[in-house]
Amino acid sequence: MLQSIYAGVSGLQSFQTGIDVLANNIANVNTVGFRGSSTEFSNLFEQHFASGTTGSSTRQVGLGTRVSATALDLHTGSYLNTDNNADLAIIGDDGWFGLAGPNNEQFFTRAGNFHFDPFTTGSGTSVRLVSEEGYFVTGTLGNNTGGSVLSPVIDSLELGSVSAQGALIFPADLQYPVQPSTQADFFGNLGVDPVTQVLSATVISPNSERNNLRLVFNQTTPQPASGTSWDVVATTQSADGTVIYDTQNGVVTFDETGNLIRSTLTSINNDGAPVAINLGTGLDGVLSNSGPTVAGAATVDGNLGGDLLEYTVNRRGEVVSTFTNGLQSVVGRVAIYHFQNDQGLEAISGNRFKVSDNSGKPIFYAQNNGELLSATLENSNVRLETALTELIIMQRSYDATAKTISTSDQMLQKALNM
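Residues numbered from 1 in each chain as written. Predicted model: local features only at pLDDT ≥ 70, side-chain atom pairs only at ≥ 80, totals over all residues. Heavy atoms only, no water.

Chemist: Kindly report on the pattern of salt bridges, identifying the contributing residues and their values.
Modeler: Scanning the model with the defined rule gives 10 salt bridges in all. For Arg315, the salt bridge is made with Glu371, and the minimal N-O distance between the two is 3.3 Å. Note that Arg315 is positioned in the loop between β26 (306-313) and β27 (318-323) and Glu371 in the loop between β31 (352-354) and β32 (372-374), a separation of 56 residues in sequence. Take Arg315: its relative accessible area is 43%, and that puts it in the partly exposed class. Given the relative accessible area of 37%, Glu371 is considered partly exposed. For Glu318, the salt bridge is made with Arg316, and the minimal N-O distance between the two is 2.2 Å. Assessed through its relative accessible area of 28%, Arg316 is described here as partly exposed. Each of Glu158, Arg316, Glu318 and Arg333 takes part in salt bridges that share partners, so that together they form one network. (Salt bridge = Lys/Arg side-chain N within 4 Å of Asp/Glu carboxyl O. Helix = DSSP H or I, 4+ residues; strand = E, 2+ residues; numbered from the N terminus. Buried < 20%, exposed > 50% of the residue type's maximum accessible area, 1.4 Å probe, protein only.)

Written as structure tokens, this is what we have:
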């Protein structure tokens, strides 16, 4: 009878732990990135009863129960859309964000409620991607924001080694570099009539200004025996026409079909930067034939400089800087960590975990390391209806175990009164 009491006490302790785990799950049903747990029980030692003189027996009785583990539920929670483009959610069950806490202590979480936090140091103002608790989000830096001007421009960034990940910190003031125009390609049909034709293009100067490149065509006198010939005057000037930077003269010659066969106009100065003038070859570019006169068109390379507007994060976890000139560049990438045994992570708080011997060290997958949703959060993966049902079952088990203790007490009382 004493044994049944001890077994009942072990059951009360175990089921109380189970109720505590479920209560914690329910309390965190709205905690971003929370991972619920379930309680696993195991039998205590078995007591064997000997029979006869051999000492062997198949008769045995258990001595109660104990909590063997609290298993982490790794299923993905529901996704919530937000207005913050720094809010991130990992797609699928696998993967964790990395956080750098005090004294560079490393944590891992599924809670992606991040934001860009501005702060001032002796070297200027910067912004850092941080968690709700203020911990640094870790990842790979593009190493292209060390100065006030972005260099180089990066279209895509791969993660470095796991050990090389660090805090994602970027300058609050950053400029996109000016790329002066180097070539202007012209298209159009000048026709064959002796009237002035004009082609123009907008070119970018080294001072990040839009200047006008203007080509004025007039037929030469006399004309060749076959085909046509045009004198051309090229001018670069400010957008308002008040400043002329350079003027170049040349001659372009076309054959009888209108194909361009020769041009002496090669390049022109654009406020300190040379711009190559490309009129094309053959039928590709500027023509001069009896067909309909086509208004000129041009394509020009280069771009204006721009000031930083904002930082955002895309599906690959890349931190993208957007500028006032409409251009973008990758400046960093949020790391997504993986483990050989995710359930072996040690829980620190409702949504933060630490590496343990059971989890193994963090790794990156060589292929398909993970994708993110931006302006999205992953909610708790606890299903309230399931948790409440399990709580009722656990409570009934607790009541039944308590009943075994009271029954054993009654039997012991009767035995003492005999």
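Chemist: Residue-level account of the sheet that holds strand β18 (residues 228-238), with values.
Modeler: Here five strands make up an open sheet; going across it, the order is β16-β17-β18-β19-β20 and the pairing antiparallel. Lying at the two open borders of the sheet, with one neighbouring strand each, are β16 (197-204) and β20 (260-263). When strand polarity is set aside, the average angle formed by the axes of neighbouring strands in this sheet is 25°. Relative to β18, strand β17 (residues 210-219) runs antiparallel, the two being bridged by nine bridges. Residue pairing for β18: Asn212 is matched across the bridge by Gln237. (Pairing = 2+ DSSP bridges. Axes fitted to C-alpha atoms, helices over the stretch in contact; angles between N-to-C directions.)

Chemist: So, helix α2 (residues 384-417): which residues are in play, and what are the values?
Modeler: Each full turn of the α-helix corresponds to 3.6 residues, which orients residues three or four apart in the same direction. For α2, with 34 residues, the first-to-last C-alpha span of 49 Å sits near the 50 Å given by 1.5 Å per residue. All of the buried residues in α2 are Ala387, Met394, Thr401, Ile405 and Ser408. (Expected span 1.5 Å × (residues − 1).)

Chemist: Mind laying out the environment of Met411, listing which residues take part and the relevant values?
Modeler: Its location among the elements puts Met411 in helix α2. Take Met411: its relative accessible area is 45%, and that puts it in the partly exposed class. Counting along the chain gives 124 residues from Met411 to Leu287, while the straight-line C-alpha distance between them is 112 Å.

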